[in-house]
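Letter by letter, the chains look like this.
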Amino acid sequence: DLRGREDFRERCIFTIDGRDAKDLDDAVSLEPIDGGWLLGVHIADVSRYVRHGSPLDVQARERGTSVYFADRVIPMLPEALSNGICSLGAGTDKLTLSALLTLDKTGECKNVKVVKSVIRSCVRGVYSEINDLFQNTASAEVREKYAPVTDTLLAMRDLAAQLREAGNRRGTMDLISSEAQFVLDETGAPVAIFPRVTGEAEGMIEQFMIAANVAVAKLARERKLPFVYRIHEQPNAEKLSLLLETARQLGLEVPL
């Protein structure tokens, strides 16, 4: 049922995920416009299939979240949804919610529009392959696969750098963490553990998702919409005192 939806099936929209990912829940697009860019972040419209109060909804609430193991995922929703009809597979029509961000040449968001939409992803992007493209080490097969979207990817790469720089100017924290990747044998026992390596493609998508989240949160606040936020309690006095003392020893002027 496409009534009330913007038809984006002819636009250059594609997913970028890990090689083994099956629940492709977001896709991206980028188009040049006068004075900047139109960045699209398109999220699978799960609410189209999971109705409030339905058995699917009740079961999902009992689970609360999907559970991720080293070799498998126990999804919050049935795999027929999470890995099937809701997954934004290439070449098939999928129902989505799209955040369309109007950005100027510096990457500053000037406007955001959120619409129900239908898309048809043109490429099933893989992080490692796109990283090879960016590093000019991609095979001929990979270059051919991404030929329809190569120009868009290079523009996305430049925009992500602008977004990262703009975040640095705002004082955004860069929280560095590492994720472990497990190698399992045929019985499921771990035989090796090593750090999961991320590259430019992962950072690029992270910048786009942050930009979309910030823009949508601002829109919800402006319209006084009910919204779910993650908040943190105020630090206790002892921890705050220790932080202030550490900062002063580092030569930082900290206002009380």
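Residues numbered from 1 in each chain as written. Predicted model: local features only at pLDDT ≥ 70, side-chain atom pairs only at ≥ 80, totals over all residues. Heavy atoms only, no water.

> Help me understand the overall build of the protein, please; the structure alone is not making it clear to me.
Scanning the protein from terminus to terminus reveals 7 helices and 11 strands. Considered along the principal axes of its C-alpha atoms, the protein spans approximately 60 × 55 × 50 Å. Every one of the 256 residues in the protein was classed for burial, and the buried ones make up 34%. Taking contacts inside the protein between residues at least 6 apart in sequence as the whole, the part at least 24 apart equals 61%. The distance from the centre of the 32 positive side-chain charges to the centre of the 38 negative ones in the protein is 6 Å. (Helix = DSSP H or I, 4+ residues; strand = E, 2+ residues; numbered from the N terminus. Buried < 20%, exposed > 50% of the residue type's maximum accessible area, 1.4 Å probe, protein only. Contact = heavy atoms within 4.5 Å. Lys, Arg positive; Asp, Glu negative; His and termini not counted. Charge placed at Lys NZ, Arg CZ, Asp CG, Glu CD.)

> Mind showing me how you'd approach unusual backbone geometry here?
Leaving glycine aside, a negative phi is the common case for residues, and trans is the common case for peptide bonds. Look at asparagine 136: it is not a glycine, yet its phi comes out positive at around 60 degrees. By secondary structure assignment, the location of asparagine 136 is in the loop between helix H3 (127-134) and helix H4 (140-145). Phi is positive for lysine 224, which is not a glycine, with a value near 55 degrees.

> Looking at this structure, how should I read the packing of H3 against helix H5 (residues 150-170)?
To characterise two packed helices, one gives the angle between the axes of the helices and the distance between these axes. The contact between H3 and H5 brings their axes to 11 Å, and the two run at 85 degrees. With respect to H5, the element H3 is oriented roughly perpendicular. The segment H3 lies against H5, with Ile130, Leu133 and Phe134 engaging Leu153, Leu154 and Arg157. (Axes fitted to C-alpha atoms, helices over the stretch in contact; angles between N-to-C directions. Parallel < 35°, antiparallel > 145°, perpendicular 65-115°, else oblique.)

> Honestly, the nonpolar core in this entry has me stumped. Any pointers?
Leu101, Tyr146, Leu153, Met204 and Phe208 are the most contacted members of the largest nonpolar core, which totals 35 residues. Where this core is concerned, the elements lending two or more residues are strand E3 (26-33), strand E4 (36-44), strand E7 (93-104), H3, H5 and helix H6 (200-222). Ranked by the residues each element gives to this core, the list is headed by H6, at 9 residues. Apart from the residues lying within four places of it in its own chain, the contact partners of leucine 153 are Phe14, Ile16, Ile130, Leu133, Phe134, Tyr146 and Met204. Grouped together as the second largest cluster of nonpolar side chains are 14 residues, Phe8, Val50, Ala60 and Val115 included. (Core = buried A, V, L, I, M, F, W, Y, C linked by side-chain atoms within 4.5 Å.)

> Which parts of the structure should I look at to understand the sheet that holds E4?
Each strand in a sheet pairs with another by means of backbone hydrogen bonds, the pair being arranged parallel or else antiparallel. Taken in spatial order, the 5 strands line up as E1-E8-E7-E4-E3 in an open sheet, and their pairing is mixed. Two strands bound the open sheet, and with one partner strand each, they are strand E1 (6-7) and E3. In this sheet, strand E8 (residues 109-120) lies alongside E7 in antiparallel orientation, the contact comprising 11 bridges. Bridging from a neighbouring strand, aspartate 93 pairs with arginine 120 of E8. Its contacts with the sheet place H5 against E3, E4 and E7, and it is angled at close to 90 degrees to E3. (Pairing = 2+ DSSP bridges.)

> Mind showing me how you'd approach the pattern of salt bridges here?
It is possible for side chains of opposite charge to pair when their charged atoms get near one another. Counting across every chain of the model gives 15 salt bridges. Where aspartate 7 meets arginine 9, a salt bridge forms, and the shortest distance between an N and an O atom there is 2.7 Å. Owing to a relative accessible area of 46%, aspartate 7 belongs among the partly exposed residues under this scheme. Across the pair arginine 72 and aspartate 71 runs a salt bridge whose closest N-O atoms are separated by 2.9 Å. Under the relative-accessibility criterion, arginine 72 is labelled exposed at 52%. Linked by salt bridges that have partners in common, Asp7, Arg9, Glu10, Asp93 and Arg120 make up one network. (Salt bridge = Lys/Arg side-chain N within 4 Å of Asp/Glu carboxyl O.)

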